[in-house]
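# Remarks on the overall topology
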Amino acid sequence: MKPVPCPTASAPHAPRRRQLLAALGACALLAACASPQVGDYAAERPLLDLRSYFNGTVDAWGVFTDRSGKVVKRFTVVMDCRWEGDRGVLDEAFTYSDGSTQRRIWRLVRHADGRYSGTADDVVGSAEGQASGNAFNWRYTLALPVDGRVWEVQFDDWMYLMDERVMLNKAVMSKWGIRLGEVTLAFRRRAAS
């Protein structure tokens, strides 16, 4: 039996592999450059101030769609929101279409230049984001229970203020850079009583 030679850098396929890797790298770089930046919305109005919008009771209605766009879960949220200076608490009570419930309490801190950080019990580390114009974008890793296991999934979360009471939210969920699905929400602030 003849030994199988180990491929080396001088193997005939090595230049093609390097070209393929270079092309994939260029595509990734172009995709990153093409992504919207929160600063793109600096001139958009109304101006989003998280401390003003998430203050009092906010209701939300949402769906989770898988990669194919199929709605796999619907939910409602009632949020009790309050701020003391630059520190805020968003207490979210979720009710899902299958009857299950969940609670997430965000603890937010407003920093200079429209930046925010936030923590919650099921968020790995800290969420980091920035507001500009009518938009807010933040990214975080969520510990998500799925079929008896916990998966750490990344969220790229965008919010757009439509008027003083309505805000739309779209979040892309991914794992290892692979898009798993999207969460779409509509928020509505309750009128002050």
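Whatever comes next refers back to the structure up there.
Residues numbered from 1 in each chain as written. Predicted model: local features only at pLDDT ≥ 70, side-chain atom pairs only at ≥ 80, totals over all residues. Heavy atoms only, no water.

### Structural notes on the sheet that holds strand β10 (residues 178-189)
As a reminder, the rule being used: Any two strands with at least two DSSP bridges between them are considered paired. Each helix is a run of H or I in the DSSP string that is no shorter than four residues. Each strand is a run of E no shorter than two, and both are numbered from the N terminus. Between N-to-C directions, angles span 0 to 180 degrees; the directions come from axes that are lines fitted to C-alpha atoms, helices contributing only their stretch in contact.
Taken in spatial order, the 10 strands line up as β1-β2-β3-β4-β5-β6-β7-β8-β9-β10 and close into a barrel, and their pairing is antiparallel. Taken over all neighbouring pairs, the strand axes of this sheet differ in orientation by 25 degrees on average, direction set aside. When strand β5 (residues 115-119) meets strand β6 (residues 123-132), the two strands line up antiparallel, connected through four bridges. Bridge assignment links Y116 to a residue of β6, and that residue is G129.

### Looking at the pairing of β6
What sits between β5 and β6 in their antiparallel hairpin is a turn of three residues. Note that β6 and strand β7 (residues 135-146) share seven bridges and pair antiparallel. Pairing of S132 across the sheet is with A135, part of β7. Between β6 and β7, which pair antiparallel in sequence order, lie two residues; one of them, G133, sits at a positive phi of approximately 60 degrees.

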